[in-house]
There are 2 protein chains.
Amino acid sequence: MKMFEGSSVANARRKIMDRFSSFRLGSELVEIYHSADRVLAEDVLSKNNVPHFRRSTVDGYAVLAKDTYGASESLPAFLDIVGEVYMGKGAEIDIVENQAVYVPTGGMLPEGADAVIMVEYTEMLDKESLAVMGSVTVKENVVDIGDDIFENETVLTKGQVLRPQDIGVLASVGLGRVKIYKKPSIAIISTGDEIVGTNEEVNLGQIRDINTYTLTIMAEQLGCAVTKKTVVRDEFELLQKELKGSLKNSDIVIISGGSSVGIKDITRAVIESVDKSEVFIHGLAIKPGKPTIIAKVDNSLVLGLPGQPVSAMIVFKVMVDYFVKYIQSIEKEIEYGIEAELSTNIHSAQGKETYQMVTVEKTADGYLATPIYGKSGMITLLSRAKGYIVIDMNKEGVLKGEKVTVYAF
Amino acid sequence: MKMFEGSSVANARRKIMDRFSSFRLGSELVEIYHSADRVLAEDVLSKNNVPHFRRSTVDGYAVLAKDTYGASESLPAFLDIVGEVYMGKGAEIDIVENQAVYVPTGGMLPEGADAVIMVEYTEMLDKESLAVMGSVTVKENVVDIGDDIFENETVLTKGQVLRPQDIGVLASVGLGRVKIYKKPSIAIISTGDEIVGTNEEVNLGQIRDINTYTLTIMAEQLGCAVTKKTVVRDEFELLQKELKGSLKNSDIVIISGGSSVGIKDITRAVIESVDKSEVFIHGLAIKPGKPTIIAKVDNSLVLGLPGQPVSAMIVFKVMVDYFVKYIQSIEKEIEYGIEAELSTNIHSAQGKETYQMVTVEKTADGYLATPIYGKSGMITLLSRAKGYIVIDMNKEGVLKGEKVTVYAF
């Protein structure tokens, strides 16, 4: 097998989009308390106005605004107090000219009133008489019907990731349950004759399993349901059996290790041995992470990731994040980062998108990012890093002093 | 009761720190698979070297570097192939001068070898003879013992929030369980005679409960265990009973609503009615969110938050986030944001830290942030926002064109 050429990340994503354009992730109806960080599977319309009655935003007296015009401390207006509104109750009294009704913050305005004057600008002369020492305009200190949300208004849209405030909106319009996408299901398979679990004895020549842990946790943080996590030896039949089993109940299957083109690298052959399989990427123009395989098998995305923990995590972030967002209709989000100045030159190979791990420190006038390097396969390269910067495939590096955006990893 | 003055956020945090300096959150030992996003309760030392044997980073031949010096395509060096190393096995052959052993990527180097020459620079003449057409230096293509992690090295420190790669480090050193802080326990109590749940009928004068939802979900996302979530009427005895009950099993008690200084605002009196209670803040110099109460009751933090959903969420973010990080020894983190240009002037009141909600849109050369406004109590103010900017209490606003950092909400 000859050395593979690398596909750009953008091209790989386009190919995924083409092949999975008819992929349909199921949806489910859940209690809104269980919908945080999940993704809306349909637009949400409000069935009612919020608020559905006129509310006061202050403690004060509901009045007709025109009765207060010109009123001041030296020339008060005098109104008749005709009642009081209680919190959580309908306003049962209507008012007419020269009348006032006490309303607490959040209380309902009586019919006839069109404004509320704060209690601080009034003085109760007796139970039935109020002196008003200020003026209000129509609608002042009032939240009108539908001011927050109108009936039939689309309050949240399909593909939105639900934040606490979005769930607050659902609660405010009385929706106790919401239709969200099912969690994409994912199987994590790590291969390697040298890999042993954390509870086993580790002998010379053996190393401990890292990828099953890191990739499973990344998948969970991404909102996936992990259907399987396992380590298998580099044997064709064993890996084929795990892959076939995983395909039955997983939207995504990740195989880490064995994705390169050496004699012992069996991942591609195993993927191709399964029915309805199409490997459409072998080799990604990304550093680290070149030996990546991307395939569609039946209706699932199958990824062969490099065995090196750092490379596996980076490719997972670049490709699996993308796919999971794509199948849940999540719009491309603005990514939060840290704007920093680079402390030293970074060289990168043209033709590859480079993910460079960096540390970040606060300086007098901002942040300073410093690249960190490590030999192939060092997990501490990632644990020592604050985040990463992306160097475009058309650039040969970034210079000391240049501004870069550091993204969380 | 007179109108309260506002304490600065910094001052409120200092007071919390003073009063809770001897607060000790318990810890627990969990499987590392369940430790993601949790906080380390102790430093983690590696009990062994990673790797604990010398590994090759390439497919090639383990050699003595000096045997390859000067070798080239026109003048190869000739070595004796004396064996092969298998993945996951110890290297059982030692080599001496003029000998070579095949080693796969990740395989163990034999004793005597000090470098690996990539297979691409060699040619196997017969089973026992190798032509080497390039040179390697000592340690080239080799990961040495402890190169990633040294024995007794502190690999992770107390107060670190565990990311996937940190759990990868734990896995790599063979730690299947890890000591983390217990989740801070929190009770969420919403008060208000006008508040009804999502499953109830809503009448005139009543509004649906929002705060119990938003604050519970914020608490969960912050890594807290919610011990109770409930809505109670504005009655002294009812609220007192809920508070007392919550104090028995909660590090934090949140009461939203009734935190101002009106006649119906009973939160402060209820907090003060309980044993070992000290209200040390009433009034925060923050907008929105001024009517905030902060108290220590026995060994718990009790917060009275404004009833307005937006204010309640902002104060929660500013004060509860802080406390939860403080009691878990989390170092002040660098906050990720979006650098944006402001599309319009924003006025803010001096003497108050202003949290201004904004939307963000991508432009040709960056991002543009636009403030969004809403009347008091509108939940859509938050759901329409991408995030917020913070305007310092010493400033009177921010001007159009100024650079601001937008933080996620």
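Sequence positions are assigned chain by chain, starting from 1 and proceeding in written order. Each chain is given a letter, starting from A, and each ligand a number, starting from 1, according to the order in which they appear as written. Local features in this predicted model are restricted to residues of pLDDT 70 or higher, and side-chain atom pairs are both shown and tallied only at a pLDDT of 80 or more, whereas totals for entire chains, interfaces and linings draw on every residue.

## Side note on the overall build of chain A
Secondary structure summary: chain A contains seven helices and 28 strands in total. It is over C-alpha atoms that the radius of gyration is taken, and the globule rule equals 2.2 Å times the number of residues to the power 0.38. Taking 409 residues into account, the globule formula puts the C-alpha radius of gyration at 22 Å, and chain A, at 31 Å, lies well above it. Once the C-alpha set of chain A is aligned to its principal axes, its extents read approximately 95 × 50 × 40 Å. The exposure scheme places C-beta atoms from the backbone and then counts, for each residue, the other C-beta atoms within 10 Å of its own, assigning buried at 20 or more, exposed at 12 or fewer, and partly exposed in between. Within chain A, the proportion of its 409 residues that are buried is 48%. Counting from the N terminus, the helices are the DSSP runs of H or I reaching at least four residues and the strands are the DSSP runs of E reaching at least two.

## Remarks on the interface of chain A and chain B
For the purpose of contact definition, each residue receives a C-beta atom placed from its backbone, and two residues are in contact when these atoms lie within 7 Å. The interface is formed by 71 residues belonging to chain A together with 72 residues belonging to chain B. For the side of chain A that touches chain B, the elements supplying multiple residues, two or more each, are helix H2 (164-172), strand E15 (207-208), helix H3 (211-221), helix H6 (309-326), strand E22 (337-342), strand E24 (353-363) and helix H7 (380-383) of chain A. The greatest single-element share of the side of chain A that touches chain B, amounting to eight residues, is contributed by H2 of chain A. Split into classes, the residues belonging to the side of chain A that touches chain B amount to 33 nonpolar, 23 polar and 15 charged. Put simply, Ala, Val, Leu, Ile, Met, Phe, Trp, Tyr, Cys and Pro go in the nonpolar bin, Asp, Glu, Lys and Arg in the charged bin, and everything else, Gly too, in the polar bin.

## Observations concerning the relation of the copies chain A and chain B
Superposition of the copies used a least-squares fit over C-alpha atoms from residues whose pLDDT is at least 70 in both. Overlaying chain A on chain B yields an RMSD of 0.1 Å, the required transformation being a rotation through 180 degrees with an accompanying axial translation of 0.0 Å. The superposition of one copy onto the other is thereby described by a two-fold rotation axis. An overlap of 99% is found between the interface residues of chain A and their copies at the interface of chain B, pointing to a shared contact surface.

## A closer look at the sheet that holds strand E13 (residues 185-191) of chain A
All names here are of chain A. Here the rule is simple: two strands pair whenever DSSP picks up at least two bridges between them. Spatially, E16-E13-E17-E21-E20-E18 is the arrangement adopted by the six strands of the open sheet, whose pairing is mixed. The outermost strands of the open sheet, each flanked by one partner alone, are strand E16 (225-232) and strand E18 (277-282). This sheet shows a mean twist of 15 degrees between the axes of neighbouring strands, independent of strand direction. For E18 and strand E20 (residues 293-297), the ladder comprises five bridges, and the chain directions are antiparallel. The residue of E20 that forms the bridge with His282 is Ile293. Think of each axis as a best-fit line through the C-alpha atoms, taken over the contacting stretch in the case of a helix, with angles from 0 to 180 degrees between the N-to-C directions. Packed onto the sheet, H3 meets E13, E16 and strand E17 (252-256) and runs at close to 165 degrees relative to E13. Set on the sheet, H6 makes contact with E17, E20 and strand E21 (300-305); between it and E21 the angle comes to about 165 degrees.

## Here's the deal with the packing of H3 of chain A against helix H2 (residues 164-172) of chain B
It is at 8 Å that the axes of H3 of chain A and H2 of chain B come closest, and there the two elements cross at 155 degrees. Judged on the interaxial angle alone, H2 of chain B and H3 of chain A are roughly antiparallel. Regarding H3 of chain A and H2 of chain B, the two cross each other, and that crossing is right-handed. In this structure, H3 of chain A uses Tyr213, Thr214, Ile217 and Met218 of chain A to contact H2 of chain B, whose residues at the interface are Pro164, Gln165, Ile167, Gly168 and Ala171 of chain B. Taken together, the residues that form the contact of H3 of chain A with H2 of chain B break down as six nonpolar, three polar and no charged. Put simply, angles under 35 degrees are roughly parallel, angles over 145 are roughly antiparallel, angles from 65 to 115 are roughly perpendicular, and the rest are oblique. Each crossing gets its hand from how the near helix is turned against the far one by less than a right angle, where anticlockwise is left-handed and clockwise is right-handed.

## Some thoughts on H6 of chain A
All names here are of chain A. One less than the number of residues in a helix, times 1.5 Å, gives the span that helix is expected to have. Taking 1.5 Å per residue, 18 residues should reach 26 Å; H6 reaches 25 Å between its end C-alpha atoms and fits that length. Maximum bend of H6: about 30 degrees, positioned at Phe316. Within the sequence span of H6, burial applies to Pro309, Val310, Ser311, Ala312, Met313, Ile314, Val315, Phe316, Met319, Val320, Phe323 and Val324. A residue's bend is given by the angle between axes fitted to the 7 residues ending at it and the 7 residues starting at it.

## Concerning the sheet that holds strand E6 (residues 99-103) of chain B
Residue and element names in this part refer to chain B. Across the sheet, which stays open at both edges, the six strands sit in the order E7-E4-E6-E5-E9-E8 with mixed pairing between neighbours. The outermost strands of the open sheet, each flanked by one partner alone, are strand E7 (115-118) and strand E8 (122-126). For this sheet, the mean inter-axis angle between neighbouring strands, taken without regard to orientation, is 40 degrees. Inspection of the sheet shows strand E4 (residues 60-63) paired to E7 by four bridges, in the antiparallel sense. When the sheet's bridge partners are listed, Gly60 is paired in E7 with Met118.

## Some remarks on the nonpolar core
To count as a nonpolar core, a set of buried Ala, Val, Leu, Ile, Met, Phe, Trp, Tyr and Cys residues must be joined through C-beta atoms within 7 Å. The biggest cluster of nonpolar side chains holds 85 residues, and the ones touching the most others in it are Leu170 of chain A together with Val253, Ile254, Leu303 and Phe316 of chain B. The dominant element in this core, judged by the number of residues it contributes, is helix H6 (residues 309-327) of chain B, at ten residues. Ignoring any residue separated from it by four or fewer positions in sequence, one finds Val253 of chain B in contact with Ala187, Ile189, Leu243, Ser246, Leu247, Ser300 and Val302 of chain B. Judged by nonpolar contacts, the second largest core, of 84 residues, contains Ile210, Val320, Tyr388 and Ile389 of chain A.

## Examining the domain arrangement of chain A
Residue ranges assigned to each domain were obtained from an automatic or database domain assignment. Split into domains, chain A comes out as domain 1 (9-26 + 183-326), domain 2 (28-50 + 161-181), domain 3 (55-143) and domain 4 (337-408). One C-alpha centre belongs to domain 1 of chain A, the other to domain 3 of chain A, and the line joining them spans 67 Å.

## Description of the packing of H3 of chain A against H6 of chain A
All names here are of chain A. The N-to-C vectors of H3 and H6 enclose an angle of 20 degrees; their axes lie 10 Å apart at closest approach. Between H3 and H6, the angle is such that the two are roughly parallel. H3 and H6 meet at a crossing whose hand is right-handed. Contact residues: Asn211, Thr214, Leu215 and Met218 in H3; Pro309, Ala312, Met313 and Phe316 in H6.

## Side note on H2 of chain A
Most of H2 of chain A is tucked away: nine of the nine residues are buried. One or two steps after H2 of chain A, the chain reaches Gly174 of chain A, where phi turns positive at roughly 85 degrees.

## What to know about the environment of Gln160 of chain B
Residue and element names in this part refer to chain B. Within the element layout of this structure, Gln160 appears in the loop between strand E11 (154-156) and H2. Take Gln160: there are 19 C-beta atoms within 10 Å of it, and that puts it in the partly exposed class. Each C-alpha atom, one on Gln160 and one on Ala77, is 51 Å from the other, the two residues being 83 residues apart in sequence. Look past the residues within four positions of Gln160 in its chain and what remains in contact with it is Val39, Leu40 and Asp166.

## Section: the environment of Leu79 of chain A
All names here are of chain A. Relative to the helices and strands, Leu79 is located in strand E5 (residues 77-84). Each C-alpha atom of the pair Leu79 and Ala100 lies 6.2 Å from the other, and the pair is 21 residues apart in sequence. Setting aside anything within four residues of it in sequence, one finds Leu79 in contact with Val63, Asp67, Asn98, Gln99, Ala100, Leu130 and Val132.

## Some words on unusual backbone geometry
A negative phi angle is the norm for most residues apart from glycine, just as the trans form is the norm for most peptide bonds. Of note, the amide linkage connecting Lys287 of chain A to Pro288 of chain A takes the cis form, showing an omega dihedral of -5 degrees. Structurally, Pro288 of chain A is set in the loop between strand E19 (286-287) and E20. Omega for the peptide link from Val50 of chain B to Pro51 of chain B comes to -10 degrees, which places this bond in the cis form. Position of Pro51 of chain B among the secondary structure elements: in the loop between strand E2 (44-45) and strand E3 (55-56). A positive phi angle is found at Lys139 of chain A, which is not glycine, with a value near 75 degrees. Tracing the sequence through the fold places Lys139 of chain A in the loop between strand E9 (129-132) and strand E10 (142-143). Within the chain, Asp298 of chain A stands out as a residue other than glycine whose phi angle is a positive 55 degrees. As for its placement among the helices and strands, Asp298 of chain A is situated in the loop between E20 and E21.

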